[in-house]
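The primary structure of each chain is shown beneath.
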Amino acid sequence: MTSSPMRTRRRAPFAVAAALLALFAVFGPASPVSAHDQLVSTDPAADAVLTALPSEITLSYSAELLGDGASNVVEVTDAAGTSLVDGTAVVDGVNVTQALTGTASGAISVIWRVVSSDGHPISGEFAFTVDAPATPTSAPTETTASATPEPTMTTMTPPETDEPTTTAPDSEASDSSPLPWIVGVVVVLAVIGVVLYLLVLRPRGRNDGGSTGDRPTTDD
């Protein structure tokens, strides 16, 4: 009867040690990982499609970062590998802002390395796309084509309107007027009357006057 309590007391430290080992095995490896900060969001977002390269890029984390722009770096490059960053990154609490420059298009790669609040460096990368709209080229050709025919049309119209108005009335008036014929007929009739008077009527008057003057002398 006295041996059972002694055995229980001897086994108690082993049970406590086993429980502590089990808790350490479950929670021990997870504690350092959970202390690291994580990237929460980005502006522009990953895989976004933009019409132009933004003036800056902002990365937000789950806790305040340590260090300044020298220890927290954001690299932004275009498809050809050309750097698009302008100056160093600016750390403001949980946010890191990197100014950009240039007019790149296509795939834009972002690689970041920051120091988390527990002092451990973390890194990652993402990408977005700049797809600039194409500029229209058909509008200038249409305006030049429509502008050239207008001067030719205005210069061609005046000769066509002037010619019929000046020539048509003159030709009709000269052809249809009967006045020259009437004047010619009157002149001819007048000439004929004068000729008849001189040749026929005037000699008769003279002969009649001469015969009447000789009769009284014969009666005496």
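Numbering of residues starts from 1 in each chain and follows the order in which that chain's sequence is written. Residues qualify for local features only when their pLDDT is at least 70, as the model is predicted, and side-chain atom pairs are given and counted only at 80 or more; totals for whole chains, interfaces and linings, by contrast, use all residues. Side-chain metrics rest on all non-hydrogen atoms present in the structure, leaving aside hydrogens and water.

Caption draft 1: Region of the structure containing the sheet that holds strand S5 (residues 90–92). With respect to topology, four strands assemble into an open sheet ordered S1-S3-S6-S5, the strand pairing being antiparallel. In this open sheet, the two strands that pair with only one neighbour each are strand S1 (39–43) and S5. With direction set aside, neighbouring strand axes in the sheet form an average angle of 20°. We call two strands paired when DSSP finds no fewer than two bridges between them. Secondary structure elements follow DSSP: runs of H or I of four or more residues count as helices, runs of E of two or more count as strands, with numbering from the N terminus. Relative to strand S6 (residues 95–99), strand S3 (residues 56–61) runs antiparallel, the two sharing five bridges. Residue Ser60 lies in a different strand from S6, and its bridge partner there is Asn95. Here, axes are lines fitted to C-alpha atoms. For helices the fit covers the stretch in contact, and angles between N-to-C directions go from 0 to 180 degrees.

Caption draft 2: Fine view of the packing of aromatic side chains. By convention, a stacked pair of Phe, Tyr or Trp rings (six-membered ring in the case of Trp) has centres within 6.5 Å and planes under 30 degrees apart, an edge-to-face pair has planes over 60 apart, and any other such pair is tilted. Inspection of every chain in the model, using the stated rule, returns one aromatic pair. On the basis of an interplanar angle of 70° and a centroid distance of 5.3 Å, the ring pair of Tyr61 and Trp112 is categorised as edge-to-face. With a gap of 51 residues between them, Tyr61 in strand S3 and Trp112 in strand S7 (residues 106–115) connect regions that are remote in the sequence. Overall, Tyr61 belongs to the buried group, its relative accessible area being 4%. We call a residue buried when its accessible area falls under 20% of the maximum for its residue type, exposed when it is over 50%, and partly exposed in between, using a 1.4 Å probe and counting protein chains only. Residue class for Trp112 comes out buried when judged on its relative accessible area of 5%.

Caption draft 3: Examining the environment of Ser62 more closely. Summarising the element assignment, Ser62 is placed in the loop between S3 and strand S4 (73–77). Pairs of residues are marked as contacts when any of their non-hydrogen atoms sit within 4.5 Å. Every residue in contact with Ser62, bar those within four places of it in the chain, is listed here: Asp37, Gln38 and Val40.

Caption draft 4: Here's a closer look at the confidence of the model for the chain. As a per-residue measure, pLDDT reflects the predictor's confidence and takes values from 0 up to 100. Predicted confidence across the chain gives a mean pLDDT of 74, with 55% of residues reaching 70 or more. Confidence over residues 29–34 falls short of pLDDT 50; this stretch has one contact with residues more than four positions distant or in other chains. With pLDDT under 50 throughout, residues 216–220 is counted as low confidence; its partners more than four residues away or in other chains account for zero contacts.

Caption draft 5: Inspection of the sheet that holds S7 at higher detail. Pairing within the open sheet is mixed, and its four strands lie in the order S2-S8-S7-S4. With one partner strand each, in any of the chains shown, strand S2 (49–50) and S4 form the two edges of the open sheet. Bridge count between S7 and strand S8 (residues 121–130): 10 bridges; the pairing is antiparallel. From the neighbouring strand, Arg113 faces S8, where its bridge partner is Ser123.

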